[in-house]
Amino acid sequence: MKEIKLSIIGMGRMGITHFSIINSHPNVNIVSVSDTSKITLDLLKKYIPSLQVFTDYKGLIDKTMPDAIIVCTPPNYHYAICKYACEKGINVFCEKPFTLSTEEANELQEMFNKKGLINQVGYVNRFNDMFTTAREYVKEGLLGDIVRFKSEMFSCTISKPETGESWRGKRESGGGAVYEMAVHVLDLINYIIGVPNKVIGTSMNQIYSKHVEDMVSSTLAYDNGCVGTLYVNWSDSSYRKPSNKIEIFGTNGKLLVDQYEMKIFLNEPVSDHDYRKGWNTIYITDIFKPVPFYVRGNEFTRQLYHFADSVLDGKIVGATQCTFEDGYNTQRLVHDMFNDYDNKNKQD
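Participant: Just to check I follow, could you spell out the pattern of salt bridges for this structure?
Facilitator: For side chains of opposite charge, pairing can occur when their charged atoms come near one another. According to the stated counting rule, one finds 11 salt bridges in the structure shown. One salt bridge connects Arg302 with Asp129, and the closest N-O pair in it is separated by 3.4 Å. Of this pair, Arg302 sits in helix α9 (residues 298-313) while Asp129 sits in helix α6 (residues 129-140), and the two are 173 residues apart along the sequence. Grouping residues by exposure puts Arg302 and Asp129 together as buried. Through salt bridges with shared partners, a single ionic network connects Arg126, Asp187 and Asp326.

Rendered as structure tokens:
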């Protein structure tokens, strides 16, 4: 395959972001988009006359038959769209959260794998240079055996009382701090440390939202004795932009990392990396890999180019792709957190 016919379903903030990025790929031809907003479609048609626009995703798929689609709708539509695309033999990049049901997530990952279709979930932090490097260090044993960790995410997404009428204000449509933000934290834990075996001690609090949680914390345990904590707050006005932070403690030292910086404390020097005993600092500018087109962050371009290159080659490219199976693992942990919280409240 020398060129991908690609379509985007859902032209909100992320759909437009992904459109601008993937449109820069030399081997991608965006042939169609769909959205429920007539204003959005009219504007796109006005400035891109060759683009076919639809209000229905089935009409888009049936009439333009793309090689691949990017799904950027509210989460409660992901399952139906991905399933229909799979039945038509179409490769899919689906924004997070993958689905709102463990069963649906498992069904989709099995369907796509059975058909041999490229499948990827938009957990973009897997493509951030700092988090990728942190994973490499953990896997190679730089910190020794991992004993404990702390993974957090903060933003000021919800900073005033909400009516609960939008999709972000309803859990059944994919709203709440867990589906919006904790899934990023969980996926990073899965990616860097491994999938936890147990979820315990989950708590959820409302600050401004009427029907969903604004804060969530939980404890994640592994059969080998490793334990970690998760904490998410999307109503923290001290943060201008979303921020992910991970602290990992091992028998040889500890590591603190966010999207832009990493600090490593080592009990002994490591000559392979030219790291001294004590504190070492690495900045994103020290290790980042440039991308052909920049919007919001290198990782946003890298994940979409990775998807496009995988479709072009007909196989998964590299080791960092976030597959539907990875999306299922995260969804399963989300389900465990909700169950743990609900069961605790019933006991109380």
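Participant: I would appreciate a short explanation of the sheet that holds strand β2 (residues 28-34) in the present structure.
Facilitator: In spatial order, the strands read β3-β2-β1-β4-β5-β6; together these six strands make up an open sheet with parallel pairing. Of all the strands in the sheet, just β3 (52-54) and β6 (119-121) have a single pairing partner and so form its edges. With strand direction ignored, the average angle separating the axes of adjacent strands in the sheet is 20 degrees. As paired strands, β2 and β3 are joined by three bridges and run parallel to one another. Pairing of Ser34 across the sheet is with Phe54, part of β3.

Participant: What exactly am I supposed to notice about the sheet that holds strand β8 (residues 198-205) here?
Facilitator: Each strand in a sheet pairs with its neighbour through backbone hydrogen bonds, running either in the same direction (parallel) or in the opposite one (antiparallel). Taken together, eight strands build an open sheet; the order of strands is β8-β9-β10-β7-β11-β12-β13-β14 and the sheet is mixed. Looking at the sheet topology across the chains shown, the edges are occupied by β8 and β14 (278-283). Sheet twist, expressed as the average angle between the axes of neighbouring strands with direction ignored, equals 10 degrees. With respect to the sheet, α6 is in contact with β7 (146-154), β11 (243-250), β12 (253-258), β13 (261-266) and β14, its orientation differing from that of β12 by roughly 160 degrees.

The rules behind these values
Residues numbered from 1 in each chain as written. Predicted model: local features only at pLDDT ≥ 70, side-chain atom pairs only at ≥ 80, totals over all residues. Heavy atoms only, no water. Salt bridge = Lys/Arg side-chain N within 4 Å of Asp/Glu carboxyl O. Helix = DSSP H or I, 4+ residues; strand = E, 2+ residues; numbered from the N terminus. Buried < 20%, exposed > 50% of the residue type's maximum accessible area, 1.4 Å probe, protein only. Pairing = 2+ DSSP bridges. Axes fitted to C-alpha atoms, helices over the stretch in contact; angles between N-to-C directions. Contact = heavy atoms within 4.5 Å.

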